[in-house]
Amino acid sequence: MTERAVCVIGTGLIGGSLLRAAEKAGRAVWGTSASESTAAEARADGFDVTTDTDAALRRAAEADALVVLAVPLPVLPSVLGRVDAVAPTVRLTDAVSVKVAVADAVARHAPRARFVGGHPMAGTSESGWAAGTAGLFVDAAWVVAADDGLDLDVWRDVAELAWACGARVVPAASDEHDLAVARVSHLPHLLAAVLAAVGADGTDDLPLALAAGSFADGTRVAGTRPELVLAMCEGNRDALLAAVDDALGRLGAMRGALASTGGLSATVHAGHAGRLRWADARDPQGVRVSLTGRAPLARLRDIGRRGDTVTGWKP
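Quick caveat: nothing in here was measured; it's all calculated off a predicted structure.

> Now, about helix 5 (residues 100-109): what can you tell me, with residues and values included?
Those residues of helix 5 not exposed but buried are Val-102, Ala-105 and Val-106. The arc that holds the buried residues of helix 5, viewed along the axis, is 100°, so those residues lie on one side. In helix 5, the exposed positions that point more than 90 degrees away from the buried face belong to Ala-107 and Arg-108. If you follow the buried residues of helix 5, they end up packed against helix 4 (76-86), strand 5 (91-94) and strand 6 (114-115).

Structural data, given as structure tokens:
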């Protein structure tokens, strides 16, 4: 495996954790932040972080480093503009929670970059440099886009970075990724927001005073900064609408059953079965792969569809 240097653009929770994890794994790392105060926090912790994105990108081009974009989707076009101006053919990946919109933005604003999308499925309701940890990605799923035509050398780079950070590599087509995360990541953010609003919408605080574990667990992600939730959910609108429609249909059926018969059995049993199936899926089959031969990216997509992970290279 290579020990390719890593340049992280954006050093909030995800980018900051990635810098820490890659440095712990022995990689040369540096990064940038749009905030001087954040950059100063990172430097105080011993990391090479600046607000000069152009300088960081020039260094990445000279070192043939892997650049990771860990910025919110709305600011991506401006960052990609700097990539195209300063390091147009750099090795490039990202940590944004949608993949089709990012791939489209790269094609539009940095078309010469050697881009392979990525999405580490890890995070907390906290944000900023101080919230980051080197262990954030341990045992987390890290999606690596497996669309036809991607650069296989960079695919290897992204997978090896994920492994270095302790994650499990899940290959997926960009559109299939977006449909999946709409159901298991973005919809939960919206349901948590609704649940928190319902719990707080009363004439007094008695409901909140009685709220315990189920309310806390169900609303945890509602503590995420609203602008971050808006960026990821609105950036995946089409897929999220389908997931919302599915949820509304199930809620409507549940309400109809409760109103007519007083019964909730179908909803509760389906939810219980889904939770158990998720628990089983958290112990995936590991597969070693080769990036040579016929249609390697198609083979990778099949691995992801089975719920399995890539754990290494075949000899």
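> How would you summarise the sheet that holds strand 3 (residues 49-50) if you had to cite specific residues and measurements?
The sheet built from 6 strands is open, its strands ordered 3-2-1-4-5-6 with parallel pairing. Both edges of this open sheet fall to strand 3 and strand 6, since each of them pairs with a single strand only. Judged from the 2 bridges that link them, strand 2 (residues 29-32) and strand 3 form a sheet pairing that is parallel. Pairing of Thr-32 across the sheet is with Thr-50, part of strand 3.

> Mind laying out unusual backbone geometry, listing which residues take part and the relevant values?
Located in the positive-phi region is Asp-139, a residue other than glycine, with phi close to 65°. When you line up the elements, Asp-139 lands in the loop between strand 7 (118-120) and strand 8 (141-145). Of note in this structure, Ala-295 is not a glycine but carries a positive phi near 50°. The topology assignment puts Ala-295 in the loop between strand 10 (286-289) and helix 13 (296-305). Owing to a relative accessible area of 36%, Ala-295 belongs among the partly exposed residues under this scheme.

> Talk me through the packing of helix 7 (residues 174-200) against helix 11 (residues 237-260); I want residue IDs and the actual numbers.
Where helix 7 meets helix 11, the closest approach of the two axes is 8 Å, and the angle between their N-to-C directions is 60°. One way to sum up the angle between helix 7 and helix 11 is to call them oblique. Crossing angle aside, the handedness with which helix 7 passes helix 11 is right-handed. Contacts between helix 7 and helix 11 involve Asp-178, Leu-179, Ala-182, Arg-183, His-186, Leu-187 and Leu-190 on the former and, on the latter, Ala-239, Leu-240, Ala-243, Val-244, Asp-246 and Ala-247.

> An account of the packing of aromatic side chains is needed here, citing residue identities and associated values.
Scanning the entire structure with this criterion turns up 4 aromatic pairs. Taken together, a centroid distance of 5.3 Å and an interplanar angle of 50° make the contact between Phe-137 and Trp-142 tilted. A relative accessible area of 2% means that Trp-142 is categorised as buried. With a centroid separation of 6.4 Å and an interplanar angle of 65°, the aromatic rings of Trp-155 and Trp-313 are classed as edge-to-face. Of the two residues, Trp-155 is situated in helix 6 (residues 152-164) and Trp-313 in strand 11 (residues 309-313); the sequence distance between them amounts to 158 residues.

> A description of the pairing of strand 8 should follow, citing residues and the corresponding values.
For strand 8, a buried count of 5 out of 5 residues is recorded, marking the element as mostly surrounded by other parts of the structure. Of the two faces of strand 8, the one holding Ala-141, Val-143 and Ala-145 and the one holding Trp-142 and Val-144 are both buried throughout. Here 3 bridges tie strand 7 to strand 8, and the two strands are oriented antiparallel to one another. Counted as the bridge partner of Gly-118 is Val-144 from strand 8. Two elements, strand 8 and strand 9 (residues 168-172), share 5 bridges in a ladder whose sense is parallel. Across the sheet, the residue bridging to Val-143 is Val-170, located in strand 9. Each parallel crossover has a hand, and for strand 8 linked through helix 6 to strand 9 it is right-handed.

About the criteria used
Residues numbered from 1 in each chain as written. Predicted model: local features only at pLDDT ≥ 70, side-chain atom pairs only at ≥ 80, totals over all residues. Heavy atoms only, no water. Buried < 20%, exposed > 50% of the residue type's maximum accessible area, 1.4 Å probe, protein only. Helix = DSSP H or I, 4+ residues; strand = E, 2+ residues; numbered from the N terminus. Arc of directions from axis to C-beta. Contact = heavy atoms within 4.5 Å. Pairing = 2+ DSSP bridges. Axes fitted to C-alpha atoms, helices over the stretch in contact; angles between N-to-C directions. Parallel < 35°, antiparallel > 145°, perpendicular 65-115°, else oblique. Left-handed = near helix turned anticlockwise from the far one by under 90°. Phe/Tyr/Trp six-rings, centres within 6.5 Å; stacked < 30°, edge-to-face > 60°. Right-handed = clockwise from strand over helix to strand, strands pointing away.

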